[in-house]
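What follows is the residue order along each chain.
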Amino acid sequence: MDFTSSSPWPTGAAPGLDKVTYSSPALTDSRWTMAALGLVLITLILYRAVFGDAKAKFSPSHLFNSYLINPIIQRHKAWKFLLDGPGIIQAGYDQSNDKPFEILSPDTRHIFITNPSQLAEMDAASTPGNALSLYAASQRALQPMYTMHRFGWYDVPPEGLGYVRALRTLLTNHLPNLLPELGGMMGRKFEELRSQGDEMVDGERRSRVARMIVKMVVLANARSIFSEELAKNDEFVEAALTYIEQLVICAEIIRLVPSWLAPIVGRLVGRRNAAQRVLYNTLMPIAQRRCEERELASQGQQVPKHNDCFQWIMESSTAKTPRTAVGLVHELMAIWFASVHPTAITITIAIHDLCLHPEYLEPLRMEISESYADFERTGQGLPLLDSFIKESARLNPVESISTRRCAVRPFSFADGTSLAVGDWACTPVASILRSARFYEDPLVFSGFRFAPADALNQKSNPGGTDETKVPRQANPSKLVDVDSAFYMWGSGRQTCPGRYYASALAKVILAHIIANFDVKLVDPDASRTWTYRSSRIPREDTMVVFTPLETTC
Ligand code: HEM
């Protein structure tokens with residue numbers, strides 16, 4: 001072996017050692033030592049460079065962390081979402097700097113979007129047959145195959161559902177006919193529930209406000225969505241509320257079991273949801289009769305004229321084949337679910353806020369006494385009450401997530417953020433609503449923050465507050481408006497079609513209470529809501545005292 005070669009290490013094989021010629025023994029020893037050290041060092045460097053990662057990957061501690069500890073931490077975080085969804089989303093939003101951020105729940109990977117241009121990308125990808133779908137998200141959340149009498153929500157015709165036009169256009173246009181009747185109905189129901197009271201303490205009648213309001217909303221919606229006849233059927237109205245409550249519990253159980261077990265568990269828990277059968281079996285004969293009437297009308301025969309959601313959905317159906325009775329009932333069951341709880345919760349929270357900010361009662365009473373008749377006639381107006389409800393919902397929205405779109409095919413945003421099939425893109429609505437980027441003094445309750453200047457005058461100055469110190473939005477807006485600071489109704493082409501009705505019903509109920517009662521929370525310091533997943537739900541045990549005014553408006 002020739003160490004004089006230019007090669008830094010021996011180029012020959014070790015067995016040739018005896019053939020090596022040395023220039024001097026001492027020099028040879030030190031060269032050997034140096035060479036051996038160099039060899040070890042270089043081998044180590046190379047080994048680390050080439051296999052360093054792999055070694056780390058296969059080290060016991062790495063394997064332990066990767067395959068046991070990290071998955072446990074991730075799963076723990078995902079399950080924690082069930083109990084602290086709003087808090088976890090808020091923490092994600094605070095660190096996001098307007099960039100998409102990821103949050104896991106036990107069954108879903110959420111990618112939260114805040115940037116309006118990315119929301120536009122989301123909306124563009126939500127057209128029928130495209131990669132993102134609200135229906136697929138609803139299918140996951142509600143498990144309608146098992147909870148809505150085998151409704152295959154995602155199998156809807158590509159043109160969409162008839163309910164959107166039925167609600168957004170026809171129900172909204174019908175409001176002036178509906179509101180006077182709803183006003184009377186809500187007044188009577190409120191009095192019935194209040195006079196029953198849930199507790200009587202020291203001559204004070206206390207009411208569990210959340211339960212009271214949900215019963216009122218159920219009655220109003222039964223009238224508006226189904227019919228006058230069904231709204232008078234107490235057994236049906238009771239089952240219609242039970243249906244929603246059982247649906248939420250059943251869907252949650254199915255979501256939390258592994259997907260391979262879902263069909264078995266779904267069938268089992270679905271069987272226990274008896275109210276869905278009551279609803280289905282009551283609605284079905286009406287739907288069949290309407291389909292027969294459609295048939296007769298197409299043959300030129302005279303048929304009765306109806307003004308209700310059955311009829312509007314049939315007439316709004318964009319599918320080439322006309323809606324079947326089963327399809328009609330399924331759409332009604334879906335609307336029914338969507339219509340009750342968000343509306344009832346929004347109204348309940350607004351009542352909490354009336355109790356906490358009684359200085360708003362007087363200006364609101366004045367507006368109601370001057371303008372309620374106009375509102376009832378047109379379905380529009382009452383800008384101060386509108387703003388009060390909007391501010392209440394801004395600080396305590398029903399949901400911390402909005403605009404849910406589930407990927408039915410892999411999808412990537414322009415910035416590279418990607419969704420696998422089953423992942424959800426969505427907005428952190430509650431965090432946006434409380435963000436200083438969009439609202440001055442975001443955590444301060446300012447009941448007339450959104451009201452137009454002409455609605456505000458001396459009389460509407462609650463408690464004589466200094467006008468210059470009250471945070472207001474630069475541009476007034478209505479409760480039903482949607483913009484980049486207010487996604488309570490979702491956004492884009494699938495924004496809530498029931499929002500005009502929901503806003504009008506909230507005004508009917510709140511105007512009745514404000515005009516006729518003083519309100520007081522029995523325990524203003526007690527916690528009033530609890531959270532599950534991303535929803536904020538009023539506590540059932542929150543008590544309010546409604547004291548009749550001596551003279552009513
Ligand atoms: C305060 C009450 C309400 C709130 C906060 C609310 C909120 C929402 C939200 C966030 C969405 C999803 C929109 C999106 O993803 O872009 C939605 C959809 C929907 N809402 Fe509402 N909603 C309310 C009341 C109602 C009422 C009263 C009805 C029926 C009369 C209704 C019917 C619907 C329907 C049918 C959809 C699905 C729309 C579609 O498939 O395109 N909602 N709502």
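Residues numbered from 1 in each chain as written. Predicted model: local features only at pLDDT ≥ 70, side-chain atom pairs only at ≥ 80, totals over all residues.

**What to know about the packing of helix α7 (residues 209–226) against helix α9 (residues 234–256)**
Thought 1: Two numbers describe how α7 lies on α9: the axes approach to 10 Å, and their chain directions differ by 115°. Our classification of the angle between α7 and α9 gives roughly perpendicular. The element α7 and its partner α9 pack so that their crossing is right-handed. Packed against α7, whose contacting residues are Val-214, Val-218, Leu-219 and Ala-222, the element α9 presents Val-237, Ala-240 and Leu-241 at the interface.
Thought 2: Per-class residue counts for the contact of α7 with α9 are seven nonpolar, no polar and no charged. (Axes fitted to C-alpha atoms, helices over the stretch in contact; angles between N-to-C directions. Helix = DSSP H or I, 4+ residues; strand = E, 2+ residues; numbered from the N terminus. Parallel < 35°, antiparallel > 145°, perpendicular 65-115°, else oblique. Left-handed = near helix turned anticlockwise from the far one by under 90°. Contact = placed C-beta atoms within 7 Å. Nonpolar A, V, L, I, M, F, W, Y, C, P; charged D, E, K, R; others polar.)

**Observations concerning the site of the ligand**
Thought 1: Taken together, 28 residues sit near the ligand, with Ser-339, Pro-342, Gly-490, Cys-496 and Gly-498 positioned nearest.
Thought 2: Counting residues per element, the ones that place at least two in the shell around the ligand are α6 (163–196), α13 (325–356), β6 (402–407) and α17 (499–516).
Thought 3: No other element matches the six residues that α13 contributes to the shell around the ligand.
Thought 4: Here the residues of the shell around the ligand sort into 15 nonpolar, 11 polar and two charged. (Near = placed C-beta within 6 Å.)

**Structural notes on the sheet that holds strand β5 (residues 204–208)**
Thought 1: Strands sit in the order β4-β5-β13-β10 across an open sheet of four strands; the sheet is antiparallel. Across the chains shown, the open sheet's two edge strands, defined by having one partner strand only, are β4 (199–201) and β10 (517–521). The average undirected angle you get between the axes of adjacent strands in this sheet is 35°.
Thought 2: The pairing of β4 with β5 spans three bridges and is antiparallel. Paired with Met-200 across the two strands is Arg-205, which belongs to β5. (Pairing = 2+ DSSP bridges.)

**Digging into unusual backbone geometry**
Thought 1: For Asp-202, which is not glycine, the phi torsion reads 50° and is therefore positive.
Thought 2: Within the secondary structure layout, Asp-202 lies in the loop between β4 and β5.
Thought 3: Phi is positive for Arg-533, close to 50°, though the residue is something other than glycine.

**Overview of the confidence of the model for the chain**
Thought 1: Residues at a pLDDT of 70 or more form 87% of the chain, whose mean pLDDT is 88.
Thought 2: Within the model, pLDDT remains below 50 along residues 1–27, and this stretch shows nine contacts once partners closer than five positions in the same chain are excluded.
Thought 3: In the predicted assembly, ipTM is 0.99 and pTM is 0.87. (pLDDT = per-residue confidence, 0-100.)

**Let's talk about the sheet that holds β6**
Thought 1: With mixed pairing, the five strands of this open sheet are ordered in space as β1-β2-β9-β6-β3. This sheet does not close on itself; its edge strands, each paired only once, are β1 (101–105) and β3 (132–133).
Thought 2: As defined by bridge partners, β6 adjoins strand β9 (residues 424–427) across three bridges and the pair is classed as antiparallel. Counted as the bridge partner of Cys-406 is Trp-424 from β9.
Thought 3: Sitting on the sheet, helix α2 (residues 60–96) is in contact with β1 and β2 (108–112), with an inclination near 160° to β1.

**A few points about α6**
Thought 1: Along its 34 residues, α6 runs just 37 Å from first to last C-alpha, ending more than 12% under the 50 Å computed at 1.5 Å per residue.
Thought 2: Helix geometry: α6 is bent most strongly at Pro-176, by close to 60°.
Thought 3: In this structure, the buried side of α6 is in contact with α7, α12 (309–316), α13, α14 (361–378) and α17.
Thought 4: Backbone geometry just downstream of α6 places Gly-197 in the positive-phi region, at approximately 55°. (Expected span 1.5 Å × (residues − 1). Bend = angle between axes of the 7 residues up to and from the residue.)

**Examining the UniProt feature "binding site: heme" (unreviewed entry) in the chain**
Thought 1: Listed under "binding site: heme" (unreviewed entry) in the UniProt record, and renumbered for this structure, are Cys-496.
Thought 2: By the secondary structure assignment, Cys-496 is in the loop between α16 (429–433) and α17.
Thought 3: On the basis of neighbour count, Cys-496 is assigned to the buried category, with 21 C-beta atoms found within 10 Å.
Thought 4: Look past the residues within four positions of Cys-496 in its chain and what remains in contact with it is Trp-489 and Gly-490. (UniProt positions renumbered as here; feature names shortened; annotations may be inferred. Buried ≥ 20, exposed ≤ 12 C-beta atoms within 10 Å, placed from the backbone.)

**Observations regarding the pairing of strand β12 (residues 535–538)**
Thought 1: The sheet contact formed by strand β11 (residues 529–532) and β12 spans four bridges and is antiparallel. Opposite Thr-531, over in β12, you have Arg-536 as the bridge partner.

**Description of α13**
Thought 1: In this model, α13 (32 residues) spans 47 Å end to end at C-alpha, consistent with the 46 Å of a helix rising 1.5 Å per residue.
Thought 2: Of all 32 residues in α13, 27 are buried, a share of seventy percent or more.

**Regarding the environment of Leu-179**
Thought 1: If you trace the backbone, Leu-179 turns up in helix α6.
Thought 2: Judged by C-beta crowding, with 20 C-beta atoms within 10 Å, Leu-179 ranks as buried.
Thought 3: Those residues within four positions of Leu-179 in sequence are excluded, and the remaining contacts are Glu-376, Gly-379, Ala-504 and Val-508.

**A short note on the nonpolar core**
Thought 1: Core analysis: the biggest nonpolar cluster contains 131 residues, and Val-217, Cys-309, Leu-505 and Leu-510 have the highest contact counts within it.
Thought 2: When residues in this core are grouped by element, the largest group, 17 residues, is from α13.
Thought 3: Dropping the residues within four chain positions of it, Val-217 is found in contact with Val-340, Thr-343, Ala-344, Ile-347 and Leu-505. (Core = buried A, V, L, I, M, F, W, Y, C linked by C-beta atoms within 7 Å.)

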